[in-house]
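Descriptive analysis of the structure
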Amino acid sequence: MGMGLPVLSERRFGDGERPPRAPAHAHASRRMLDSHGRTIRDLRLSLTDRCNFRCTYCMDPDVRFLPKLRLLKVDQIVRLARVCVGLGVEKVRLTGGEPTLHPELTRVIRELAALRADDLALTTNGSRMSDADLAAWKDAGLGRVTISLDSLRPERFAAITRSGSSAAEVVEGARRVMRAGFSPPKLNAVVIRGTNEDEVPDLAGLARDLGIEFRFIEFMPLDSARAWDRSMVVPGDEIIERINDVYPLVPLGRVAHSGTAEEWGFADGAPGRIGVIAPVTRPFCGACSRLRITADGKVRPCLFSTREWDLKPLLDAGAPDREIEEFLIDATWTKQAGHGISSEGFEQPARTMSAIGG
Ligand code: SAM
Ligand code: SF4
């Protein structure tokens, strides 16, 4: 046996798969339509599957990341986004893994901002945002920042994220985002029974102190430990009750069409807002306008897709835009009607949230 390089020939989920052809009217529309009457307007682009945290509900401590060779290059990411904007995408959100680990994030932002989608946003764990980074991202054209924060208690934060960061650092990051001239960032917490549901009112209190929107997300079966169980889901209604007991709320409804969050304001007129994202107890699949592309170039029409479509071979081969467009239109047509978490025979996708792009 020679000493050669490790063989990367093992076939992975979705490698090389092409979607079946969508009907002619979908192609004629030059839009990404699905077979259930929805149109894609919102693109989630994962820049990396790597992360400096190991959140218990997302990533294994001994996770194996994709080899860097398999990840899309910046030119390919930008090209894909450009084609998607040409097909009607209005919002682009950069995510991961942890997108701030991408070595060329500022360049990615600058080149995507030049596409002039209505909205360019970033979701981050908030641990890697210096004033200089934020200034560079703002200057490059980033529109909005969303930060994840599941606990304010030092020990609990450490136990959930299994990171060297701290809640205080993340809260300071949120303040820095505002000082850098961005609109107030949204903060997100995943609420898990027995882990942090008792802290929901404290997190809502932070929304008041900072004058920001705090969004609470129901735990979804996308965890690497495959420990998800319905009993661990804290329903959106209960989250609202817990906050309402301490800070009375007034409903504001679902603010934007296809917005995932239902929103509340504080009855005493305090600044800040509460959002609840309840995919498990109140699915919003009927209004979904999202499409996800993973860091290795797989198109996932649904967060819960069990099939995904591999665009990388076309990008690597330098295929013309027309072919990329057709591929995206075909892939979108396969978008499933709903996530099916509550149906019998529900199958958790092979990829975890971190490998999909949340
Ligand atoms: N690393 C960044 C972060 O944490 O914000 C961006 C990627 S992360 C996968 C995006 C979002 O997905 C985060 O708000 C995270 O809390 C959420 N998430 C991860 N696993 C989840 C799960 N099993 N259920 C619900 N939300 C989850
Ligand atoms: Fe990393 Fe975000 Fe997943 Fe936490 S939720 S492990 S920060 S990708």
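Please refer to the structure placed before this passage.
For the structure given in this document, a descriptive report is provided here.

Definitions and cut-offs
- Residues numbered from 1 in each chain as written.
- Chains lettered and ligands numbered in written order.
- Predicted model: local features only at pLDDT ≥ 70, side-chain atom pairs only at ≥ 80, totals over all residues.
- Heavy atoms only, no water.
- Axes fitted to C-alpha atoms, helices over the stretch in contact; angles between N-to-C directions.
- Helix = DSSP H or I, 4+ residues; strand = E, 2+ residues; numbered from the N terminus.
- Parallel < 35°, antiparallel > 145°, perpendicular 65-115°, else oblique.
- Left-handed = near helix turned anticlockwise from the far one by under 90°.
- Contact = heavy atoms within 4.5 Å.
- Nonpolar A, V, L, I, M, F, W, Y, C, P; charged D, E, K, R; others polar.
- Core = buried A, V, L, I, M, F, W, Y, C linked by side-chain atoms within 4.5 Å.
- Buried < 20%, exposed > 50% of the residue type's maximum accessible area, 1.4 Å probe, protein only.
- Near = heavy atom within 4 Å.
- Polar contact = N/O pair within 3.5 Å; in protein donor to acceptor, adjacent residues only side chain to side chain.
- Areas by Shrake-Rupley, 256 points an atom, 1.4 Å probe, with all protein chains shown as cover.
- Disulfide = S-S within 2.5 Å.
- Pairing = 2+ DSSP bridges.
- Salt bridge = Lys/Arg side-chain N within 4 Å of Asp/Glu carboxyl O.
- Patch = residues over 30% accessible without salt bridge, like charges linked within 9 Å, V, L, I, M, F, W, Y side chains within 5 Å.

1. Focus on the packing of helix H3 (residues 105–113) against helix H4 (residues 131–140)
- Where H3 contacts H4, the axes come no closer than 8 Å and their chain directions differ by 20 degrees. Considering their axes alone, H3 and H4 lie roughly parallel with respect to each other. Handedness of the crossing formed by H3 with H4: right-handed. Between H3, through Leu 105, Thr 106, Ile 109, Arg 110 and Ala 113, and H4, the contact on the second element is made entirely by Ala 136, Trp 137, Asp 139 and Ala 140.
- Across the contact of H3 with H4, the residue classes break down as six nonpolar, one polar and two charged.

2. Some remarks on the nonpolar core
- Residues Leu 94, Leu 112, Phe 214, Phe 216, Ile 274 and Leu 328 are the most contacted members of the largest nonpolar core, which totals 101 residues.
- For this core, the element with the highest residue contribution is helix H2 (residues 74–86), accounting for seven residues.
- Leaving out residues up to four positions away in the same chain, Phe 214 has contacts with Leu 149, Leu 187, Asn 188, Ala 189, Leu 203, Leu 206, Ala 207, Arg 273, Ile 274 and Gly 275.

3. Regarding the site of ligand 2
- Every residue near ligand 2 is listed here: Cys 51, Phe 53, Cys 55, Tyr 57, Cys 58, Met 59, Gly 97 and Asn 125.
- For the shell around ligand 2, the per-class residue count stands at six nonpolar, two polar and no charged.

4. Some points on the site of ligand 1
- Near ligand 1 there are 17 residues, and of these Tyr 57, Gly 97, Glu 98, Ser 148 and Met 220 occur at the shortest range.
- Within the contact set of ligand 1, a nitrogen atom lies 3.0 Å away from a backbone nitrogen or oxygen of Gly 97.
- Note that an oxygen atom of ligand 1 is positioned 3.3 Å from one of the backbone N or O atoms of Thr 124.
- Isolated, ligand 1 exposes 550 Å² of accessible area, and the fraction of that covered by the protein chains is 95%.
- Counting residues per element, the ones that place at least two in the shell around ligand 1 are strand S2 (91–96), strand S3 (119–124) and strand S5 (186–191).
- Looking at the shell around ligand 1 residue by residue, the class counts come to six nonpolar, nine polar and two charged.

5. What about the environment of Thr 100?
- Among the secondary structure elements, Thr 100 is positioned in the loop between S2 and H3.
- Taking the relative accessible area as the measure of exposure, Thr 100 reaches 7% and is therefore buried.
- Excluding residues within four positions of it along the chain, Thr 100 makes contact with Leu 105, Leu 122, Thr 124, Arg 128 and Trp 137.

6. Focus: the state of the cysteines
- In total, this model carries zero disulfides according to the counting rule given.
- Of all cysteine sulfurs, the one in Cys 302 lies closest to Cys 285, which takes part in no disulfide; the gap is 6.3 Å.
- Of the residues examined, Cys 285 reaches a relative accessible area of 15% and is grouped as buried.

7. Description of the packing of helix H7 (residues 200–210) against helix H8 (residues 236–246)
- It is the contact of H7 with H8, at a shortest axis distance of 9 Å, that shows an interaxial angle of 65 degrees. When the axes of H7 and H8 are compared, the pair comes out roughly perpendicular. Crossing angle aside, the handedness with which H7 passes H8 is right-handed. Listed contacts from H8 to Val 200, Pro 201 and Ala 204 of H7 are Ile 239, Arg 242, Ile 243 and Val 246.

8. Some thoughts on the pairing of strand S10 (residues 290–293)
- Residues Arg 290 and Arg 292 line one face of S10 and the alternating positions Leu 291 and Ile 293 line the opposite face, and both faces are buried.
- Sheet topology note: the strand S1 (residues 42–48)/S10 ladder contains four bridges and is parallel. The residue bridging Leu 43 from the neighbouring strand is Leu 291, located in S10.
- By the bridge criterion, two bridges tie S10 to strand S11 (residues 298–300) in an arrangement that is antiparallel. Bridge pairing links Arg 292 to Arg 300 in S11.
- The antiparallel pairing of S10 with S11 creates a hairpin that spans four residues between the two strands, and Gly 297 there sits at a positive phi of about 80 degrees.

9. Structural notes on the pattern of salt bridges
- For the coordinates displayed, the defined rule picks out 33 salt bridges.
- The partner of Arg 307 in a salt bridge is Glu 17, and the shortest N-O contact between them spans 2.7 Å. One end of the pair, Arg 307, is in the loop between S11 and strand S12 (309–310); the other, Glu 17, is in the segment before helix H1 (24–29), with 290 residues separating them in the sequence.
- Put simply, Arg 79 and Asp 321 hold a salt bridge, and the shortest N to O gap is 2.9 Å. Taken together, the residues Arg 79 in helix H2 and Asp 321 in helix H10 (residues 321–333) connect sequence positions 242 residues apart.

10. Remarks on a nonpolar patch on the surface
- Taken together, the side chains of Val 250, Leu 252 and Val 255 present a nonpolar region at the surface, about 230 Å² in accessible area.
- Along the chain, Val 255 turns up in the loop between strand S7 (249–254) and strand S8 (262–266).

11. A word on the side chain of Arg 300
- Inspection of the secondary structure puts Arg 300 in strand S11.
- Within the structure, the side chain of Arg 300 is placed 2.6 Å from the side chain of Glu 308, a separation counted as a polar contact.

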